[in-house]
Amino acid sequence: MQTQSENACFGGTQGVYTHASTSCTCDMTFGLFLPEEARDGPVPLLWYLSGLTCTHENAMTKAGAQAWAAEQGIALVFPDTSPRGDAVADDDAYDLGKGAGFYLNATEEPWAAHYRMWDYVTAELPEVLGNSFAVDMDRQGITGHSMGGHGALTMAMSLPERYRSVSAFSPIVNPTASDWGRKQFNAYLGNNEDTWSPHDATLLMRKNGFEGPMLIDTGTKDQFLDLLKPEALAEAAAARRQQMTFRMQPGYDHSYFFVSTFMEDHVNFHAEALWA
């Protein structure tokens, strides 16, 4: 693992690191914020999964999460959204290929060789973090924005007892019924729709639910509401009687201005579960 940068940040350290990924068979870069408390021993870890077109850097520099994480004494990890490199397959569209990994393991060509973001985020990167940094892997929460909210919700509901809490900003929650999902699933997973359902938060809510607390925020002026389909998850949660705080925030759109406005709420929400 190579250290790209380490900067003092709210009493702790914001680092950026690159390592050779066995899951994605390419070099992968991630950001990690460690609060001051990590100097004395392992601290809880909150995952932030970013959305379409993003890298590890977007949320790290725009979300304003470090200030609130430092206040709560928790670490933040910002993975990339897809494999990278000249040998990695790509597409001219912004919503397929690099920057659009959709947090799944691709099975179709030309994507299968590198696009294994599910394994990377749920298996490989946790091992890297647990072996190299002062983070407590028994106390994890997960959040994300848009495509990253999709990843956070599907991982939380698919891996029982892995995460103590889950939240999302403007998540894609019913991708099997949305153009943000059907296009990518067809490309990455093929046309057998039975293979798509493990990556749909609404279907997973109906099947599994989540035993811990959930928090969902979406803006009423989000320009992608018809693609996100928040009402589908809300209806599935209500039918299951799932504990969940679901908020439509008046006047907010899909941008990082929205994310940063409610980041304090989300970090505090996770901290309550992680320190319990």
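Just so it is clear, the structure is predicted and the values come from calculations on it, not from any experiment.

S.K.: I'm lost on the nonpolar core in this one. Help?
M.R.: Most often, soluble globular proteins have nonpolar side chains that are buried together. Of all hydrophobic cores here, the largest spans 62 residues; its most connected members are Phe-30, Leu-32, Trp-47, Leu-129, Ile-142, Leu-153 and Tyr-188. With seven residues, the top contributor of residues to this core is helix H3 (residues 117-132). Residue contacts for Leu-129: discarding those within four places in its chain leaves Phe-30, Leu-32, Leu-45, Trp-47, Val-77 and Val-135. One finds Phe-33, Ala-70, Val-259 and Met-263 within the second-largest nonpolar core, a separate group that totals 23 residues.

S.K.: How do you make sense of the pattern of salt bridges when you look at a structure like this?
M.R.: Any two side chains of opposite charge can pair, given that their charged atoms come close. Under the counting rule described, the total for this entry stands at eight salt bridges. Note that Glu-193 is salt-bridged to Arg-182, the shortest N-O span being 2.7 Å. Residue Glu-193 is found in the loop between helix H5 (179-189) and helix H6 (201-207), and its partner Arg-182 is found in helix H5; the two are separated by 11 residues along the sequence. A residue is classified by how much of its surface remains accessible, and Arg-182, at 30% relative accessible area, is partly exposed.

S.K.: I keep staring at the sheet that holds strand S2 (residues 12-21) and nothing clicks. Help me out?
M.R.: The strands making up a sheet associate through hydrogen bonds between their backbones, and the pairing can be parallel or antiparallel. What the nine strands build is an open sheet, ordered S1-S2-S3-S5-S4-S6-S7-S8-S9; its pairing is mixed. Looking along the sheet, the strands with just one partner apiece sit at the ends: strand S1 (2-9) and strand S9 (245-249). Neighbour-to-neighbour, the strand axes of this sheet turn through a mean angle of 20°, independent of strand direction. This element, helix H2 (residues 65-72), spans S1, S2, strand S3 (26-34) and strand S5 (75-78) of the sheet and lies at about 150° to S5. Running at roughly 130° to strand S6 (residues 135-144), helix H4 (residues 147-158) makes contact with strand S4 (43-49), S6, strand S7 (165-169) and strand S8 (214-219) of the sheet.

So, how was this worked out
- Residues numbered from 1 in each chain as written.
- Predicted model: local features only at pLDDT ≥ 70, side-chain atom pairs only at ≥ 80, totals over all residues.
- Heavy atoms only, no water.
- Core = buried A, V, L, I, M, F, W, Y, C linked by side-chain atoms within 4.5 Å.
- Buried < 20%, exposed > 50% of the residue type's maximum accessible area, 1.4 Å probe, protein only.
- Helix = DSSP H or I, 4+ residues; strand = E, 2+ residues; numbered from the N terminus.
- Contact = heavy atoms within 4.5 Å.
- Salt bridge = Lys/Arg side-chain N within 4 Å of Asp/Glu carboxyl O.
- Pairing = 2+ DSSP bridges.
- Axes fitted to C-alpha atoms, helices over the stretch in contact; angles between N-to-C directions.

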